Amino acid sequence: MTKNKTEKPTTSPAPRGGGESRSRTRERRMEKQQQKRRQQQLTLIIGVVAVVVIAAIIFIVSNLPEEAPIPEGVVERYAGIPQTFTDEGYPLLGSPDAPVLVEEYSSFGCPACKTFHDTSFDDIIQLVREGRIAFAFAPAASFGSLNNREGAAEAAMCASEQGRFFEYHDVLFDWHSRYANRAFLANRLISGAAELGLDQAAFESCLNDNRYDEVVNTATTEVQGLGSVGTPAVVIDGVQVATDLETIRNTVERNIATRGVVPVPLAPAGETEPTPVESATNGAPETTPAAAEETSQPEATAESTDEE
């Protein structure tokens, strides 16, 4: 008999390199993860660098001097006119002893204030020079449409510390139409002070201190107390009047006539009042013809006596 051989179970041979394939898969997966992390880190670094560069550009640009032209003749316009302050701290143009006080509540960012300045201020200055009025400017900066009008008011008040408020106020109204919403950039305000010859360090210190916030706030509160819906608002001797030049002139003349005072014109720029002890030529005591004759008569009498 033929014995049946017991057949051994056959098993499929394990594929060669199976463990190696899994190892390579893990390695590729780790490489991808590392590559992804490197890309994230690179993206983060690029982002940080971009932010730093942008910040540096903004810093450099924001600190570049802005163009700050000064209108021709603006300094000469106020030559010889005193610039002081009212009790409220508002800049005052003209003699404090003038018979009439005209106050304007105004804003450098207000289009109507710009129009009033352009059409009426030459006449206002003339009234000041004639000794008829003293003119006060109350910076009610919350009115108007231009950006940073509060900063413009603060800058003008800082210029007042160096006796140049009204020159600076002319400059700001000139920029109003020249640059519109970029008129009162911080760097332009600073450059304007330099162009006017102000002490730069003192001016910037004043701006940084915000020391005229109270004056600006007071002006805003007062003009609102007048019941005015905006600026400019003109007040003459405590009474609000229309802002047209004819009304202003008529009110000034009526107040002068009522008080029976005689306005004293301001001396022209560079001129001083003559004094009886100062000669116009050499500083010696001034001698009139009559005085000279009186002086010479005793000498003639003495000579006649000698001859006799």
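Structural data are supplied above this passage.
A few points on the structure. The structure displayed is predicted, hence computed values, not measured ones.

1. Describing the overall build of the chain
- Helix and strand counts for the chain come out as 9 helices and 6 strands.
- The burial tally for the chain puts 34% of its 308 residues in the buried class.
- Excluding contacts between residues fewer than 6 apart, the proportion of contacts in the chain whose partners are at least 24 apart in sequence is 76%.
- Working note: accessible area of the chain is about 19200 Å², and carbon and sulfur atoms make up 53% of it.

2. Digging into the pairing of strand S4 (residues 133-139)
- Burial analysis of S4 places 7 of its 7 residues in the buried class, which makes it a mostly covered element.
- By the alternation rule, side chains of S4 split into Ile-133, Phe-135, Phe-137 and Pro-139 and Ala-134, Ala-136 and Ala-138, which are all buried.
- Here strand S2 (residues 91-93) pairs with S4 via 2 bridges, running antiparallel. When the bridges of S4 are listed, Leu-93 appears paired with Phe-135.
- Judged from the 7 bridges that link them, strand S3 (residues 100-106) and S4 form a sheet pairing that is parallel. Across the sheet, the residue bridging to Val-102 is Phe-135, located in S4.
- Once the chain exits S3 it traverses helix H2 (residues 111-129) before rejoining the sheet at S4, and the crossover so formed is right-handed.

3. A closer look at the sheet that holds strand S5 (residues 233-236)
- Spatially, S1-S2-S4-S3-S5-S6 is the arrangement adopted by the 6 strands of the open sheet, whose pairing is mixed. Of all the strands in the sheet, the pair left with one neighbour each is strand S1 (83-85) and strand S6 (239-241). Going from strand to strand, the sheet's axes swing by 30 degrees on average, the running direction of each strand aside.
- Sheet topology note: the S3/S5 ladder contains 4 bridges and is antiparallel. Looking at S5, one finds that Val-102 is bridged to Ile-236.
- H2 rests against S2, S3, S4 and S5 of the sheet, and its axis sits at about 150 degrees to S4.

4. Digging into the side chain of His-176
- One can find His-176 in helix H4 (residues 165-179).
- The contact partners of His-176, leaving out residues within four places of it in the chain, are Phe-108, Gly-109, Cys-110, Pro-111, Lys-114, Leu-146 and Ala-183.

5. Thoughts on the packing of aromatic side chains
- Under the criterion given, the structure shown has 10 aromatic pairs.
- Taking the centre distance of 6.1 Å and the plane angle of 35 degrees together, the rings of Tyr-78 and Phe-166 count as tilted. You can see Tyr-78 sitting in the loop between helix H1 (18-62) and S1 and its partner Phe-166 sitting in helix H4, a full 88 residues away along the chain.
- Of the residues examined, Tyr-78 reaches a relative accessible area of 2% and is grouped as buried.
- With 5.2 Å between their ring centres and 80 degrees between their planes, Phe-121 and Phe-135 make a pair best called edge-to-face. Residue Phe-121 is located in helix H2, and its partner Phe-135 is located in strand S4; the two are separated by 14 residues in the primary sequence.
- Exposure remark for Phe-135: the relative accessible area of 1% places this residue in the buried category.
- A cation sits over an aromatic face here: Arg-188 above Tyr-179, 3.7 Å from the ring centre.

6. Details of the pattern of salt bridges
- On inspection of all chains with the given rule, the structure shows 13 salt bridges.
- Between Arg-132 and Glu-253 there is a salt bridge, and its shortest N-O distance comes to 2.6 Å. Here Glu-253 lies in helix H8 (residues 245-259) and Arg-132 lies in the loop between H2 and S4, a separation of 121 residues in the sequence.
- In this structure Arg-132 comes out as partly exposed when scored by relative accessible area, which is 24%.
- Taking relative accessible area as the criterion, Glu-253 reaches 32% and is therefore assigned partly exposed.
- Residues Arg-211 and Asp-209 are paired through a salt bridge, measuring 2.6 Å at the closest nitrogen-oxygen approach.

7. Quick look at the packing of H2 against H8
- Axis separation between H2 and H8 bottoms out at 11 Å; the angle between their running directions is 20 degrees. With respect to H8, the axis of H2 lies roughly parallel. Classified by chirality, the crossing of H8 by H2 is right-handed. Contacts from Phe-116, Ser-120, Asp-123, Ile-124 and Leu-127 in H2 reach Leu-245, Ile-248 and Arg-249 in H8.
- The residue inventory of the contact of H2 with H8, partitioned by class, reads 5 nonpolar, 1 polar and 2 charged.

Criteria and cut-off values
- Residues numbered from 1 in each chain as written.
- Predicted model: local features only at pLDDT ≥ 70, side-chain atom pairs only at ≥ 80, totals over all residues.
- Heavy atoms only, no water.
- Helix = DSSP H or I, 4+ residues; strand = E, 2+ residues; numbered from the N terminus.
- Buried < 20%, exposed > 50% of the residue type's maximum accessible area, 1.4 Å probe, protein only.
- Contact = heavy atoms within 4.5 Å.
- Areas by Shrake-Rupley, 256 points an atom, 1.4 Å probe, with all protein chains shown as cover.
- Pairing = 2+ DSSP bridges.
- Right-handed = clockwise from strand over helix to strand, strands pointing away.
- Axes fitted to C-alpha atoms, helices over the stretch in contact; angles between N-to-C directions.
- Phe/Tyr/Trp six-rings, centres within 6.5 Å; stacked < 30°, edge-to-face > 60°.
- Lys NZ or Arg CZ within 6 Å of the ring centre and 35° of its normal.
- Salt bridge = Lys/Arg side-chain N within 4 Å of Asp/Glu carboxyl O.
- Parallel < 35°, antiparallel > 145°, perpendicular 65-115°, else oblique.
- Left-handed = near helix turned anticlockwise from the far one by under 90°.
- Nonpolar A, V, L, I, M, F, W, Y, C, P; charged D, E, K, R; others polar.

Purely geometric numbers; function is a separate question.
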